[in-house]
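Coordinate analysis (summary)
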There are 2 protein chains.
Amino acid sequence: MTPPSDKALVPFVSVENMMRLVNAMGAETVLRELASYIEADFKRWPEFDKTPRVASHSTDGVIELMPTADAENYGFKYVNGHPKNMKEGYQTVTAFGVLSSVANGYPILLSEMTVLTALRTAATSALVAKYLAPKGAKTMAMIGNGAQCEFQALAFKAICGITTVRLYDIDPAATAKAARNLAGTGLTVVACKTGEEAIEGAEVITTCTADKQYATILTDNMVGAGVHINAIGGDCPGKTELHRDILLRSDIFVEYPPQTRIEGEIQALDADHPVTELWQVMRGQAEGRRDPRQITLFDSVGFAIEDFSALRYIAEKVKGTEFFDMLDMLADPDDPRDLFGMLQRAG
Amino acid sequence: MTPPSDKALVPFVSVENMMRLVNAMGAETVLRELASYIEADFKRWPEFDKTPRVASHSTDGVIELMPTADAENYGFKYVNGHPKNMKEGYQTVTAFGVLSSVANGYPILLSEMTVLTALRTAATSALVAKYLAPKGAKTMAMIGNGAQCEFQALAFKAICGITTVRLYDIDPAATAKAARNLAGTGLTVVACKTGEEAIEGAEVITTCTADKQYATILTDNMVGAGVHINAIGGDCPGKTELHRDILLRSDIFVEYPPQTRIEGEIQALDADHPVTELWQVMRGQAEGRRDPRQITLFDSVGFAIEDFSALRYIAEKVKGTEFFDMLDMLADPDDPRDLFGMLQRAG
């Protein structure tokens, strides 16, 4: 059988190649550059075709498709969320994604996105904090020390100048794992025994837990004035992390309101509770932090444009490298109308 | 670097392997078996999570995601439709799809679906005709002799006992291509110079053209009593093939009304125009053909469950064969919470 033509082949970035790429560039560089791609795309927000993700919920979790497009490219991510997976030796979240040409519909990149989602989520959080965190913030509390924890810590170091992270998890083994991984990154790491201890002196509080239930990771009395809350874990219906009273004291910033109202912390609030869209802050069309004593809250759920930016970034970065394989994913008959003839002649 | 664990790997069926599988089994066998998988899934229709496909339209075409799930598996297809591609040497339609486990969200198959969609579309048409075509139908007119044409012809031979196909296309080269490919399949093939000539004596009329515009491939006076119309090409907003008067004289059968009313021939009719759902016909809960003089119309747009059936079928068939590769698509750290550690240690 003759090898397929170039038109049939799609560059594929495996998990191994993604890790090789990130390690070759350095994780902090990747986080910084990713953040700049995401920022650029947020600043041209109105150019995108946007839709809330398409979620298929089951008893144990959710499988989602997150598509978006601009005039040139179409991108989507497949991602699952299964909190119980961890106990069975599987990832809570795995993902892959595709970037395509809008002009002809052909995929131009297939990439693993488990590692890439961890990177883009952290890059987005730190990018948002650049606009919202108190000026000169140096200390971040990290409540929840699972798979996302170290990525957040490193992104806040690289992008916001955070120097100290204070870790807490209901499972001390998770805290120990994160502390071990962050040793040698240049961050001061403090393992804490309670959530209250973790937030002592922190200007930024990141909550990043995974239970699919209405949990209260932060209670109202834990949160003082002048902090920025980076709430990552509340990201599907029925899953929140913050006490409602904290929300009422905060100015709330979101990615895409139609999705966040269903999935984010603000599902606990009225449907018309005021929120600010981050793309407007980044364009200077809405106010970010206006007061050192204000509580700002990024109600993060993750939006398709962030994945689009990440795929766009990886497609650029792997060019001219060895960090991808070519997959025979698309049929390419000599005559486009002769698909059957191609099948026949292969026989 | 150590090779990834089994949990990180997803079986991938390339275009080459799909063709090898189909040729090893024989296309007619595949079409028959595919039809039986599709029929089984249509008969348990209420068990599926259903949603109209998520379409991203642009000037030149459309990119769609088509997800569905039962209690055990989740499946989706990525598919584009770009009529102008053909002139530039690209396929009008390319596709790939994924089947996953609902229990943990992990993909269990990634497959090319350009060839597979051609097969499942033809298998669905012939399956539907088994319920709706006039008894003893032997002759099919095929208007539009593009990439889907020969698959339709072979499926109607294998599943419905069609012995003669009468081909017509506005481009005689397309007709010649189809006639050439169908020589030796056992079908009697008649190349025709007009649509009118093609439908002479045909009990089944298949329309399968690709222009994205309100076209009228069949006018009212061309269609007599006692035929079954298999309308494949009208499958997105603004794209239809049949004159409205034909629709008014026909009993109309559809896959999934919420999707067909947007995309199918019936977009030309009132939103409450009566249609019959095929799954109900297959379950014996609604009537199929009741009268030899009746005109039945399958307003085919293609529904996610057909792709789900096709992926389920391929996942079964490649087991124990050489017709797949293993892709390192999912991250699998030793400890699911230690994604960052995995990245670090790979460096």
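Basis of the calculations
- Residues numbered from 1 in each chain as written.
- Chains lettered and ligands numbered in written order.
- Predicted model: local features only at pLDDT ≥ 70, side-chain atom pairs only at ≥ 80, totals over all residues.
- Heavy atoms only, no water.
- Helix = DSSP H or I, 4+ residues; strand = E, 2+ residues; numbered from the N terminus.
- Rg over C-alpha atoms; globule rule 2.2 N^0.38 Å.
- Buried < 20%, exposed > 50% of the residue type's maximum accessible area, 1.4 Å probe, protein only.
- Contact = heavy atoms within 4.5 Å.
- Buried area = accessible area lost by both parts, 1.4 Å probe.
- Salt bridge = Lys/Arg side-chain N within 4 Å of Asp/Glu carboxyl O.
- Nonpolar A, V, L, I, M, F, W, Y, C, P; charged D, E, K, R; others polar.
- Least-squares fit on C-alpha atoms with pLDDT ≥ 70 in both.
- Pairing = 2+ DSSP bridges.
- Axes fitted to C-alpha atoms, helices over the stretch in contact; angles between N-to-C directions.
- Left-handed = near helix turned anticlockwise from the far one by under 90°.
- Domains from an automatic or database assignment.
- Polar contact = N/O pair within 3.5 Å; in protein donor to acceptor, adjacent residues only side chain to side chain.
- Phe/Tyr/Trp six-rings, centres within 6.5 Å; stacked < 30°, edge-to-face > 60°.
- Lys NZ or Arg CZ within 6 Å of the ring centre and 35° of its normal.
- Expected span 1.5 Å × (residues − 1).
- Right-handed = clockwise from strand over helix to strand, strands pointing away.

This part takes up the overall build of chain A. The secondary structure content of chain A amounts to eleven helices and 17 strands. Over its C-alpha atoms chain A spans a radius of gyration of 21 Å, differing by no more than 12% from the 20 Å that the globule rule assigns to 347 residues. Residues classed as buried in chain A amount to 62% of the 347 residues present. Considering only contacts in chain A between residues 6 or more positions apart, those separated by 24 or more positions represent 71%.

Here the focus is the interface of chain A and chain B. Chain A puts 77 residues into the contact, and the matching count from chain B is 77 residues. With both chains or domains summed, chain A and chain B bury close to 7200 Å², and 67% of this area falls on carbon and sulfur atoms. For the chain A face of the interface with chain B, the top three residues by lost area are R337(A), F340(A) and L343(A), together amounting to 12%. If you look at where chain A meets chain B, you find two salt bridges. Among the elements that line the side of chain A that touches chain B, the one with the most residues is helix α11 (residues 339-346) of chain A, at eight residues. Taken together, the residues that form the side of chain A that touches chain B break down as 41 nonpolar, 20 polar and 16 charged.

The transform that puts chain A on chain B rotates by 180 degrees and translates by 0.0 Å along the axis, for an RMSD of 0.0 Å. The symmetry that links the two subunits is that of a two-fold axis. Here 100% of the interface residues in chain A have copies in chain B that are interface residues too; the copies meet face to matching face.

All names here are of chain B. Pairing in this open sheet of seven strands is mixed, and the strands run β2-β3-β4-β5-β6-β1-β17 from one edge to the other. If you trace the sheet from one side to the other, it starts and ends with β2 (54-57) and β17 (325-328), each paired once. The mean angle between the axes of side-by-side strands here comes to 20 degrees, regardless of whether they run parallel or antiparallel. For strand β1 (residues 9-13) and strand β6 (residues 107-112), the ladder comprises two bridges, and the chain directions are parallel. Residue pairing in the sheet places F12 in a bridge with L110 of β6.

Right, let's get into the sheet that holds strand β6 (residues 107-112) of chain A. All names here are of chain A. If you walk across this open sheet you meet the seven strands as β2-β3-β4-β5-β6-β1-β17, and the pairing is mixed. With partners counted over all chains shown, the strands left at the sheet margins are β2 (54-57) and β17 (325-328), one partner each. Geometrically, the sheet is characterised by an average inter-axis angle of 20 degrees between neighbouring strands, direction not taken into account. Packing against the sheet, helix α3 (residues 114-132) makes contact with β3 (62-69), β4 (73-81), β5 (95-101) and β6, and its axis sits at approximately 90 degrees to β6.

It is worth spelling out the packing of helix α3 (residues 114-132) of chain B against helix α10 (residues 304-318) of chain B at this point. Residues and elements named next belong to chain B. Between α3 and α10, whose axes approach to 10 Å, the crossing angle comes to 115 degrees. Where α3 crosses over α10, the two elements pack in a sense that is right-handed. Residues L116, T117, R120 and T124 of α3 lie in contact with α10, whose contacting residues are E306, D307, A310, L311 and I314.

Here the focus is the domain arrangement of chain A. Residue and element names in this part refer to chain A. For chain A, the domain assignment lists domain 1 (6-115 + 305-346) and domain 2 (124-302). On a C-alpha basis, the centroid separation for the pair domain 1 and domain 2 is 26 Å. Residue-level contacts link 23 residues of domain 1 with 27 residues of domain 2. When the two sides are added together, the surface that domain 1 and domain 2 hide from each other amounts to roughly 2300 Å², 63% of it contributed by carbon and sulfur. For the pair domain 1 and domain 2, the number of links is three salt bridges. Linking K130 and E39 is a salt bridge whose minimum nitrogen-to-oxygen distance equals 3.4 Å. Seen at the junction of domain 1 and domain 2, the total is eight residue pairs in polar contact (both at pLDDT 80 or more). At the level of secondary structure, the elements contributing two or more residues to the side of domain 1 that touches domain 2 comprise α2 (27-43) and β3. Among the elements that line the side of domain 1 that touches domain 2, the one with the most residues is α2, at nine residues.

A few words now on the pairing of strand β12 (residues 228-231) of chain A. All names here are of chain A. Alternating positions in β12 separate into two faces, H228 and N230 on one and I229 and A231 on the other, with burial throughout. Examined bridge by bridge, strand β10 (residues 204-207) and β12 share four bridges and lie parallel to one another. Note that in β12 the partner of T206 across the bridge is N230. Pairing of β12 with strand β16 (residues 296-299), which is carried by four bridges, proceeds in the parallel orientation. Each bridged residue has a counterpart across the sheet, and for N230 the counterpart in β16 is F298.

What follows is about helix α1 (residues 15-25) of chain B. Those residues of α1(B) not exposed but buried are V15(B), N17(B), M18(B), M19(B), L21(B) and V22(B). Looking one or two residues beyond α1(B), the residue adopting positive phi is G26(B), at roughly 95 degrees.

Moving on, we come to the packing of aromatic side chains. Using the criterion set out here, one finds 25 aromatic pairs over all chains in the structure. Aromatic side chains F76(A) and Y78(B) sit 6.0 Å apart centroid to centroid with 25 degrees between the ring planes, which places their arrangement in the stacked category. One end of the pair, F76(A), is in strand β4; the other, Y78(B), is in strand β4 (residues 73-81), on a second chain. The buried category is assigned to Y78(B), whose relative accessible area is 0%. Seen from their ring centres, F76(A) and F96(B) are 6.4 Å apart, and the 20 degrees between their planes marks the pair as stacked. On the criterion of chain membership, the pair formed by F76(A) in strand β4 and F96(B) in strand β5 (residues 95-101) is interchain, its members lying in two chains. Side by side, F76(A) and F96(B) carry an identical accessibility label, which is buried. Among the aromatic side chains, those forming a connected cluster through ring pairs are Y74(A), F76(A), Y78(A), F96(A), Y74(B), F76(B), Y78(B) and F96(B). In this structure, K7(A) is placed above the aromatic ring of Y90(B), and the distance from its NZ or CZ to the ring centre is 4.8 Å.

Attention now moves to helix α4 (residues 149-160) of chain A. All names here are of chain A. Over its twelve residues, α4 extends 16 Å from the first C-alpha to the last, a length consistent with the 16 Å expected when each residue adds 1.5 Å. A large share of α4 lies buried, amounting to ten of its twelve residues. Every buried residue of α4 is accounted for by C149, E150, F151, Q152, A153, L154, A155, F156, A158 and I159. Backbone geometry just after α4 places G161 at a positive phi near 75 degrees.

In this section: the pattern of salt bridges. Applying the stated rule across the entire model yields 44 salt bridges over all chains. The salt bridge partner of K319(A) is E316(A), with a shortest N-O separation of 3.2 Å. Look at K319(A) and you get exposed, because its relative accessible area is 58%. R337(B) is paired through a salt bridge with D335(B); the nearest N and O atoms lie 3.9 Å apart. Overall, D335(B) belongs to the partly exposed group, its relative accessible area being 27%. Sharing partners across several salt bridges, the network here consists of D41(A), R44(A), E47(A), D70(A) and R312(A).

We now examine the pairing of strand β14 (residues 251-254) of chain A. Residue and element names in this part refer to chain A. Pairing geometry for β14 and β16, over three bridges, is parallel. From the neighbouring strand, D251 faces β16, where its bridge partner is T296. Both β14 and strand β15 (residues 276-277) contribute to a ladder of two bridges, which runs parallel. Within the sheet, the bridge partner assigned to F253 lies in β15 and is T276. Crossover β14 to β15 through helix α8 (residues 257-263) is right-handed.

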